[in-house]
Amino acid sequence: TYSTKIRKIVQFCRYSSVQQSHNYCIELVKKYDYDHYLCTLLLPKTVQSAVFALRAFNVEIAQIKDSISESHIGKLRIQFWRDRISSIYQNESTPSHPVVLQLSEAVHTHKLNKIWLTRLLDAREKDLGSSVFYTTNEIESYAENTYSSLLYLTLQSLGIEDVNIDHAASHIGKAEGIVTVLRASAYYRTKRSLLIPMDILSRHGANQEDFLRGNITQAVEDSVYDFATLAHAHLKKAYSLKEHISSTGALVFLPAVLCHSFLDTLQKVGFDPFSPKLSVRNSLLPVKLLWKSIRKRYY
């Protein structure tokens, strides 16, 4: 009948729209967060769409800070995402933004907790007006609210609820936050910005100007070593919980492999955060991640 044909056309259009938004999220993550793109491909097929939506959302809000000249503009963009998140949870109509569409699908399919998305937005908004971390507690708190929150959401999409797994996710997220700061040191130096916590610099008598000029003094190396050691300590705590981690949970924690790989390279270049070798993509990383996923290990 005519009504049946119309219904099929509507269903096809909706499927086409969902598929296009899904592909958009995948390409966005692949372009701007390639390592997590690889990790997400190794998750169970049933949650890949949801996790790509979460990772794409993170890319969108993470890019705000570097794309603005004034923090109030960034706050307006953050508010756009707050409004979209509220609309999703209130079952209101949302703009046909591909990430919003996929995020809505993920939230309603997997019953994702709004608190983790809100924490992500809060942390990114707070970071807009800040160009420095004064203490290691500050960077750990930021990492917990961003990277750990993404892991909690991924676990939730898989229906995994366990205090030990959450504990491991917290530590891996903190390690990821620290590694991200170390990885981005060369980039932020071009912006006259330094994100290694001031308490670590002070502990080793490191001169902030040496960092900004790229002078690798002993104090600079010691500060980077100290900061990298903190990331490694978080990884070790996550590894210590391996007996409590299910095989599926281990797949969620593949980002720990990314952290370990970067820290190994950092050690090989003598803890020089500006070494060009740190920006070279590890061609063996996809193989390593695949091997770890087959063995259901993140350590």
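Above this text sits the structure in question.
Everything quoted here is computed from the prediction, not taken from an experiment. (Residues numbered from 1 in each chain as written. Predicted model: local features only at pLDDT ≥ 70, side-chain atom pairs only at ≥ 80, totals over all residues. Heavy atoms only, no water.)

Focus on the environment of L278
Checked against the element boundaries, L278 lands in the loop between α14 (255–268) and α15 (285–295). Contacts of L278, omitting those with residues within four sequence positions, involve F262, T265, L266, V269, D272 and P273. (Helix = DSSP H or I, 4+ residues; strand = E, 2+ residues; numbered from the N terminus. Contact = heavy atoms within 4.5 Å.)

Quick notes on the pattern of salt bridges
Counted according to the given criterion, the structure contains eight salt bridges. Residue R82 pairs with E125 through a salt bridge whose shortest N-O separation is 2.7 Å. Taken together, the residues span a long stretch of sequence, with R82 in helix α4 (residues 71–89) and E125 in helix α6 (residues 114–128) at a distance of 43 residues. The class for R82 is buried, based on a relative accessible area of 19%. Between E144 and R119 there is a salt bridge, and its shortest N-O distance comes to 3.2 Å. Here E144 is found in helix α7 (residues 136–157), whereas its partner R119 is found in helix α6, with 25 residues between them in sequence. Overall, E144 belongs to the buried group, its relative accessible area being 14%. Overlapping salt bridges, with partners in common, bring together R82, D122 and E125 in one network. (Salt bridge = Lys/Arg side-chain N within 4 Å of Asp/Glu carboxyl O. Buried < 20%, exposed > 50% of the residue type's maximum accessible area, 1.4 Å probe, protein only.)

Concerning the environment of I73
Summarising the element assignment, I73 is placed in helix α4. A relative accessible area of 28% means that I73 is categorised as partly exposed. Along the primary structure I73 and Y24 are separated by 49 residues, whereas in three dimensions their C-alpha atoms are 25 Å apart.

A word on a nonpolar patch on the surface
Where nonpolar side chains cluster on the molecular surface, the patch consists of L290, W291 and I294 and spans about 330 Å² of accessible area. Within the secondary structure, L290 is located in helix α15. (Patch = residues over 30% accessible without salt bridge, like charges linked within 9 Å, V, L, I, M, F, W, Y side chains within 5 Å. Areas by Shrake-Rupley, 256 points an atom, 1.4 Å probe, with all protein chains shown as cover.)

Some thoughts on the packing of aromatic side chains
Summed over all chains, the structure comprises 13 aromatic pairs. Geometrically, the ring pair formed by Y225 and F271 is edge-to-face, given 5.1 Å between the ring centres and 85° between the ring planes. Linking Y225 in helix α12 (residues 218–239) with F271 in the loop between α14 and α15, this pair joins segments that are 46 residues apart in sequence. By relative accessible area, Y225 is classed as partly exposed at 46%. Seen from their ring centres, F253 and Y298 are 5.5 Å apart, and the 75° between their planes marks the pair as edge-to-face. Taken together, the residues span a long stretch of sequence, with F253 in the loop between α13 (247–252) and α14 and Y298 in the segment after α15 at a distance of 45 residues. (Phe/Tyr/Trp six-rings, centres within 6.5 Å; stacked < 30°, edge-to-face > 60°.)

With respect to the packing of α12 against α14
It is the contact of α12 with α14, at a shortest axis distance of 11 Å, that shows an interaxial angle of 145°. Relative to α14, α12 is oriented so that their crossing is left-handed. Mapping the contact onto sequence places V224, A228, A231, H232, L235 and Y239 in α12 and A256, C259, H260, L263 and L266 in α14. Here the residues of the contact of α12 with α14 sort into nine nonpolar, two polar and no charged. (Axes fitted to C-alpha atoms, helices over the stretch in contact; angles between N-to-C directions. Left-handed = near helix turned anticlockwise from the far one by under 90°. Nonpolar A, V, L, I, M, F, W, Y, C, P; charged D, E, K, R; others polar.)

Things to note about helix α3 (residues 45–62)
Along its 18 residues, α3 runs 26 Å from first to last C-alpha, staying within 8% of the 26 Å computed at 1.5 Å per residue. Of all 18 residues that make up α3, 14 are buried, and the element is covered over most of its length. (Expected span 1.5 Å × (residues − 1).)

Observations regarding unusual backbone geometry
Residue K111 is not a glycine yet carries a positive backbone phi of 55°. By the secondary structure assignment, K111 is in the loop between α5 (98–110) and α6. K111 gets classed as exposed once you look at its relative accessible area, which sits at 65%.

A closer look at the side chain of H171
Looking at the secondary structure, you find H171 in helix α8 (residues 163–183). For H171, a relative accessible area of 8% puts it in the buried group. In terms of polar contacts, H171 uses its side chain to reach the side chain of H234, at 3.0 Å. Residue contacts for H171: discarding those within four places in its chain leaves H234, K237 and A238. (Polar contact = N/O pair within 3.5 Å; in protein donor to acceptor, adjacent residues only side chain to side chain.)

It is worth stressing that arrangement in space is one thing and function is another; only the former is reported here.
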